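Summary of structural features
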Amino acid sequence: MATIVMTGASSGFGAVAAERMVAQGARLISGARGPAEVGASIPVDLADLGSVREFAAAVRDRLDGAALDGLVLNAGLIRPDVDGRSADGFETTFAVNHLAHYLLARLLLPELADGATVVLTTSGTHDPATGAGLAPPRHADARLLAHPDRDPALDERPRKAGERAYTASKLCAVLTARSLSPLAPRATVLAYDPGQVFGTGLARDLALPLRTAWTILGVPVFGRALRTFSPTLNSRTAAGKTLADLALGNSPPPPSGSRYAALRRDRLTWGEPSNLARDEAVGRALWSDSAELVGWRD
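A brief report on the enclosed structure follows. (Residues numbered from 1 in each chain as written. Predicted model: local features only at pLDDT ≥ 70, side-chain atom pairs only at ≥ 80, totals over all residues. Heavy atoms only, no water.)

Quick word on the overall build of the protein
Tallying secondary structure elements over the protein gives nine helices and eight strands in all. Here the contacts in the protein between residues at least 6 apart in sequence split such that 74% fall between residues at least 24 apart. (Helix = DSSP H or I, 4+ residues; strand = E, 2+ residues; numbered from the N terminus. Contact = heavy atoms within 4.5 Å.)

As for the environment of L104
With respect to the element layout, L104 can be found in helix α3 (residues 92-108). Taking the C-alpha atoms as reference, L104 lies 7.4 Å from R53; in sequence the two are 51 residues apart. Discounting chain neighbours no more than four positions away, the residues touching L104 are T7, V52, F55, A56 and L73.

A short note on the pairing of strand β6 (residues 188-193)
Within β6, five of the six residues are buried, which leaves it mostly tucked inside the rest of the structure. Pairing of strand β5 (residues 112-121) with β6, which is carried by five bridges, proceeds in the parallel orientation. When the bridges of β6 are listed, T121 appears paired with Y192. Relative to strand β7 (residues 260-264), β6 is paired through three bridges, and the arrangement is parallel. In the strand pairing of β7, Y192 is matched with A261. (Buried < 20%, exposed > 50% of the residue type's maximum accessible area, 1.4 Å probe, protein only. Pairing = 2+ DSSP bridges.)

A closer look at the pattern of salt bridges
Following the criterion strictly, the structure yields 13 salt bridges and no others. Where D289 meets R143, a salt bridge forms, and the shortest distance between an N and an O atom there is 3.2 Å. Taken together, the positions of D289 in helix α9 (residues 280-294) and R143 in helix α4 (residues 142-146) put the pair 146 residues apart, joining distant regions of the chain. On the basis of relative accessible area, R143 is assigned to the partly exposed category, the value being 35%. Each of the salt bridges in this network shares a partner with another, and the network as a whole consists of R138, D155 and R164. (Salt bridge = Lys/Arg side-chain N within 4 Å of Asp/Glu carboxyl O.)

Considerations on the environment of A56
Along the chain, A56 falls in helix α2 (residues 49-63). Note: C-alpha distance between A56 and R106 (50 residues apart in sequence) is 9.8 Å. Aside from chain neighbours lying at most four places away, what touches A56 is L104, L107 and L108.

In structure tokens, the structure reads:
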């Protein structure tokens, strides 16, 4: 029986993935602010690094010496601005989407079994070439993303600044997967781009009109029509099932050297992330700066 730890299992395609993993016999331990509908839940507030550390300690106690077969870092949010701050004083989107998962991956790395799979959910919006509707990231400078008020290139329009905070955090997910992989040579570390999946809880912090549109476009009849026009649009069911299959190792193995899994028209593809996401110097700087921000000591 595979043991999987997952964030973002309570709604959207994450809930679909959680249900599929449990249905296939996995032992699921989810981290969430509220109770999970499937599997066992341990409370965690991803906007509080102290809570992340407590969650990791509780997971180790729950494992009781057993190895971890999968780690799915899926939770995420997008905000209408960059005014929010985490318990540790960092910009909220960056803190939740990147720093919390960076720290959790490092804390649970020793618990991974041989052949384990680590999946970090990213987004095609990190890559300007996808032509997504959100403003693409300008950089992956952890210090500026954590403290955007220090960024001389910060967008004056709050909405655009919020979009870039989100897309930059998803760029960080790809870079983190690349940096984490050499530290887990017996595991498969992947960045998973589910494409655009309407009807999830991602838009919960946005303005009412955007939340309403996000919900309406998530209705299956509208989704099917939209997917005929855009290859990056996917159903919640397909996105969740694909995530579960990646975590459980049920998908075909990736091509040699590939770590970027992208869902296109409900089908899994393997490709390359953005040029910035493949920049080794950018990845090294993000890794070391993130360690400093979370207080990691080797």
